[in-house]
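Notes for the structure review
Spelled out from the first residue to the last, the chains are:
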Amino acid sequence: MAAGRRRSITAGAALLALAGCAAPSSEAPEAADRPWDDVLAEADGQTVDLWMYGGDEAGNAYVDDVLAPAAAGLGVTVRRVPVADTGDALDRVLSERQAGVTDGEVDLVWVNGENYATGRQAGAWLCDWALDLPNREHTDPDDPLLENDFGVPVEGCESPWHKAQFTLVYDSARVPEPPTTLAGVLDWAQANPGRFTYPAPPDFTGSVFVRQVLSSVAAGPGEVPLEYSQEAYDEYAPALFDRLAELDPALWRGGETYPQSQQELDRLFADGEVDMTMTYGPATLTDLVADGTVPPTTRVLTLEEGTFGNASFLAIPSTSGDAAGAQVVADLALSPEQQVAKADPGTWGQFTVLDLERLDEADRAAFEQLPASPVVPPYEELSQNAQAELSADWVGPLDEGWRRSVLAP
Amino acid sequence: MGLRKDPRAPHHSHARGGALHAGHAALAAWLVLPLVPLVLWAAADRWTAPAVLPQAWGTAGLRDAVDAGAGTGFLRSTVLGLVVAALATPLGAMAGRALATHRVPLGGAVLAVLLSPLVLPPFAVALGLDVLLLRLGVPSPVGVVLLLTVAALPYTTVLMRAAYAAHDRGFEDEARTLGATARQTVFHVQLPLLAPALAGAAFLAFLVGWSDYVVTLLVGGGQLVTLPLLVASAAAATGNEAQVAVLSLSSVLPPLVLLVAVGLVGRRARA
């Protein structure tokens, strides 16, 4: 998800390479409006290639051992294609779209944020299907996380899969009295030189951290407008970069160098070189503690002012030849049975997108009886005061500004 | 090649031999040392800082790798590497022979074109040609083999060009004089003499197919999930170290075995 910049370059390169050839329209194709039974009938016998980030073992196991067998029961074969970066899937879809392919090799993509936005611009996603899925009735139609994906309207072009919350993580053995606000975290980092750092933007996680600090220095959540504008940038960005530049010498290795990815930061944390790490996917923490990658004293740091939350989705490329099967899998993934299985910390621990109020008694009870993770607090606690993500248009300018003002001033 | 050592050549003195051995040892260490943590990680169920050695040994990494599809990935990579080698080696040999014998007009320009895949970033090539191949309706496995063969051609061509330049055609002429057919000359004289170079070229071409990520994924449309795809996706997160180590070792060992085999072919040919 981190390679947004490369993505837009490649999208541009693909366009340039084909200037002269018929350019595909950027209009998103719409799924045919038809009864669900027809979709089910067409899906029977189809093979759905689900392209997803493959670095999450628990996620791979959930898809292979829980979702795929259930889909097989509906006559749909799920074939998981592991990729190092979700953008790789988008690159393939963009190529197929350029070539006018209609029976492409990508049928379903686990996506959100910049990759979704880039795909929307290029008409790479099939639209007008996700709101018609039968299991969609279990979600709250006014849930802001499901209405907008990093500021880009979802509009039935992708189906929600799970929710995530940006989370700071610390080792309670090394930080016995953790700060309770982000401003407090920055002060703590300054008072403890070398014990804190963050991944360098444009890494996905590092970039979120910078936006979180932007919100913090701008007198709190809700102050920075979600829509990007040059005026808003000029008003709020300088204070952000001043604060981060001031923090820089107190960071790990004196801020001379930053981890290139969340993965590198996690490794520093696991090796005890720094006392905190951060993630937009706290679900993996349970496993990391259980298998001893990070210390057993690892805890989640909930901030008083809340943090950014997002949802991730399943999108169907407009070039997919098995769109009916893909819709059936997306609907299945949204069913209470699959959502509760996926929310179990022993399976994957991903927070549900369903509204528990809309479930029947038995399904709600299943969610309430889920075992608690020893590390990750329940979603209600994590998402307290959750802030809406800034629009994806903020990401590029902030990453670039950070590079110029903080990394190489 | 069948020639006796010149008896006048000076023998290595003991001092020079010692230095040579030390050099060999340093080189071996340079190559083997990076594999040590890999082997340790592959057998580590738990290895957390600051421990110098893993705290728990086991096969969790192997199990995870197998679950991720290492078995079929290994097979696919092997087949892909072999097919690329089978195509790029004879093509490189033909191009190399033509270039070495100066029968090609504008030989320099032709060589530059053949070498151009080396200077183009594979990502750009894959992305640009992917659209073209899709438009032409080329099946994705064929597209992958095609692109990787072109990517392997610079290596095989350069190697075979050098081999043909050093090749004494007198042997072939003599065989013909003695009544061998053209076919016999190629298969019983030319190819055995060039076997070490051919083995080396095939090895390099195999590596191109064996280790590719971007072409296999993008042009292959995810249908060919090879070892490099598994390594890259598993290595994209913390906590999979044992699995990544097992996958990496399974990527490193076959080329090592092949390298030894290629070395043996070369040694036998020189003996």
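Definitions and cut-offs
Residues numbered from 1 in each chain as written. Chains lettered and ligands numbered in written order. Predicted model: local features only at pLDDT ≥ 70, side-chain atom pairs only at ≥ 80, totals over all residues. Heavy atoms only, no water. Patch = residues over 30% accessible without salt bridge, like charges linked within 9 Å, V, L, I, M, F, W, Y side chains within 5 Å. Areas by Shrake-Rupley, 256 points an atom, 1.4 Å probe, with all protein chains shown as cover. Salt bridge = Lys/Arg side-chain N within 4 Å of Asp/Glu carboxyl O. Lys, Arg positive; Asp, Glu negative; His and termini not counted. Charge placed at Lys NZ, Arg CZ, Asp CG, Glu CD. Helix = DSSP H or I, 4+ residues; strand = E, 2+ residues; numbered from the N terminus. Buried < 20%, exposed > 50% of the residue type's maximum accessible area, 1.4 Å probe, protein only. Polar contact = N/O pair within 3.5 Å; in protein donor to acceptor, adjacent residues only side chain to side chain. Contact = heavy atoms within 4.5 Å. Pairing = 2+ DSSP bridges. Axes fitted to C-alpha atoms, helices over the stretch in contact; angles between N-to-C directions. 1 Å grid on protein atoms, 1.4 Å probe; cavity = no way out; pocket = protein on both sides within 12 Å on 5 of 7 lines; lining within 4 Å. Points joined across faces, edges and corners; volume = space filled by probe spheres on them. Nonpolar A, V, L, I, M, F, W, Y, C, P; charged D, E, K, R; others polar. Buried area = accessible area lost by both parts, 1.4 Å probe. Domains from an automatic or database assignment. Phe/Tyr/Trp six-rings, centres within 6.5 Å; stacked < 30°, edge-to-face > 60°. pLDDT = per-residue confidence, 0-100.

Our next topic: a negative patch on the surface. Residues and elements named next belong to chain A. Together, Glu27, Glu30, Asp33, Asp128 and Asp132 line one region of the surface with negative charge. Checked against the element boundaries, Glu30 lands in the loop between α1 (4-17) and α2 (36-43). On the basis of relative accessibility, which here comes to 59%, the residue Glu30 falls in the exposed class.

Before going further, it helps to examine the side chain of Gln262(A). Residue and element names in this part refer to chain A. With respect to the helices and strands, Gln262 occurs in helix α10 (residues 262-270). Within polar-contact distance, the side chain of Gln262 engages the side chain of Thr279 at 3.4 Å. If sequence neighbours within four positions are ignored, Gln262 has contacts with Pro199, Asp203, Thr205, Met278 and Thr279.

Our focus in this paragraph is the sheet that holds strand β9 (residues 298-301) of chain A. Residues and elements named next belong to chain A. Spatial strand order, β8-β7-β9: three strands in an open sheet with antiparallel pairing. Each of the sheet's edge strands pairs with one partner strand only, and the pair in question is β8 (276-279) and β9. Each strand of the sheet is rotated relative to its neighbour by a mean of 30°, with strand direction disregarded. Of the strand pairs in this sheet, strand β7 (residues 167-171) and β9 are connected by four bridges, and their pairing is antiparallel. Its bridge partner being in β9, Val169 is matched across the sheet by Val300. Contacting β7, β8 and β9, α10 crosses the sheet at an angle of about 150° to β8.

Turning to the environment of Ser318(A), a few remarks are in order. Residue and element names in this part refer to chain A. Relative to the helices and strands, Ser318 is located in the loop between β10 (308-315) and α12 (323-333). With relative accessibility at 17%, the residue Ser318 sits in the buried group. Through-space distance from the C-alpha of Ser318 to that of Glu158 is 11 Å; in sequence the pair is 160 residues apart. In contact with Ser318, not counting residues within four places along its chain, are Pro29, Arg97, Gly123, Ala124, Trp125 and Leu126. A distance of 3.0 Å separates the side chain of Ser318 from the backbone oxygen of Gly123, its partner in a polar contact.

Residues and elements named next belong to chain A. Inspection of every chain in the model, using the stated rule, returns two cavities of 30 Å³ or more. Roughly 60 Å³ of volume is contained in the second largest cavity. Going through the elements one at a time, α10, β8 and α11 (285-290) are the ones with two or more residues in the lining of the second largest cavity. Considered class by class, the residues forming the lining of the second largest cavity number six nonpolar, four polar and one charged.

Here the focus is the interface of chain A and chain B. Across the contact, 36 residues belong to chain A and 34 residues belong to chain B. Carbon and sulfur atoms make up 53% of the surface buried where chain A meets chain B, a total of about 3,000 Å² over both sides. A per-residue breakdown of the area chain A buries against chain B is headed by Glu57(A), Arg92(A) and Gln263(A), which together make up 18% of the total. Joining chain A to chain B, the criterion identifies two salt bridges. Among the ionic pairs, Glu241(B) bridges to Arg267(A), the shortest N-O distance being 2.7 Å.

Here the focus is the domain arrangement of chain A. Residues and elements named next belong to chain A. Per the domain assignment, the segments making up chain A are domain 1 (4-12 + 29-161 + 311-372) and domain 2 (167-306 + 388-407). Each of domain 1 and domain 2 has a C-alpha centre, and these two points are 29 Å apart. Contact with domain 1, which involves twelve residues of that partner, is made by 17 residues of domain 2. The contact between domain 1 and domain 2 buries some 1,000 Å² in all, and 63% of this surface belongs to carbon and sulfur atoms. Taken together, the links from domain 1 to domain 2 amount to zero salt bridges.

Turning our attention to the packing of aromatic side chains. All names here are of chain A. As enumerated under the stated definition, the model contains 19 aromatic pairs over all chains in all. Summarising the aromatic geometry, the rings of Phe150 and Phe204 are spaced 6.4 Å apart at their centres and angled 50° between planes, so their arrangement reads as tilted. With a gap of 54 residues between them, Phe150 in the loop between β4 (148-149) and β5 (152-153) and Phe204 in helix α8 (residues 204-217) connect regions that are remote in the sequence. An identical accessibility class is assigned to Phe150 and Phe204; each is buried. Each residue in the set Trp188, Phe196, Tyr198, Phe209, Tyr258 and Trp402 is aromatic and connected to the rest through ring pairs, giving one cluster.

Residues and elements named next belong to chain A. For chain A, per-residue confidence averages 89 on the pLDDT scale, and residues scoring 70 or more make up 94% of the total. Contacts for the low-pLDDT stretch residues 1-9, under 50 throughout, to residues beyond four places or in other chains number 25 contacts. pLDDT under 50 marks residues 11-22. Its contacts with residues more than four places away, or in other chains, come to nine contacts.

What follows deals with the pairing of β7(A). Residue and element names in this part refer to chain A. Judged by how many residues are buried, β7 sits mostly within the fold: five of five residues are covered. Of the two faces of β7, both are covered, the one formed by Thr167, Val169 and Asp171 as well as the one formed by Leu168 and Tyr170. The sheet contact formed by β7 and β8 spans four bridges and is antiparallel. Within β8, the residue paired with Thr167 across the bridge is Thr279.

Moving on, we come to the environment of Ser312(A). Residue and element names in this part refer to chain A. Among the structural elements, Ser312 can be located in strand β10. Here Ser312 falls in the buried class, since its relative accessible area comes to 6%. Sequence spacing of Ser312 and Ser159 is 153 residues, and the spatial spacing of their C-alpha atoms is 8.5 Å. The residues contacting Ser312, other than those within four sequence positions of it, are Trp110, Val111, Asn112, Pro160, Trp161 and His162.

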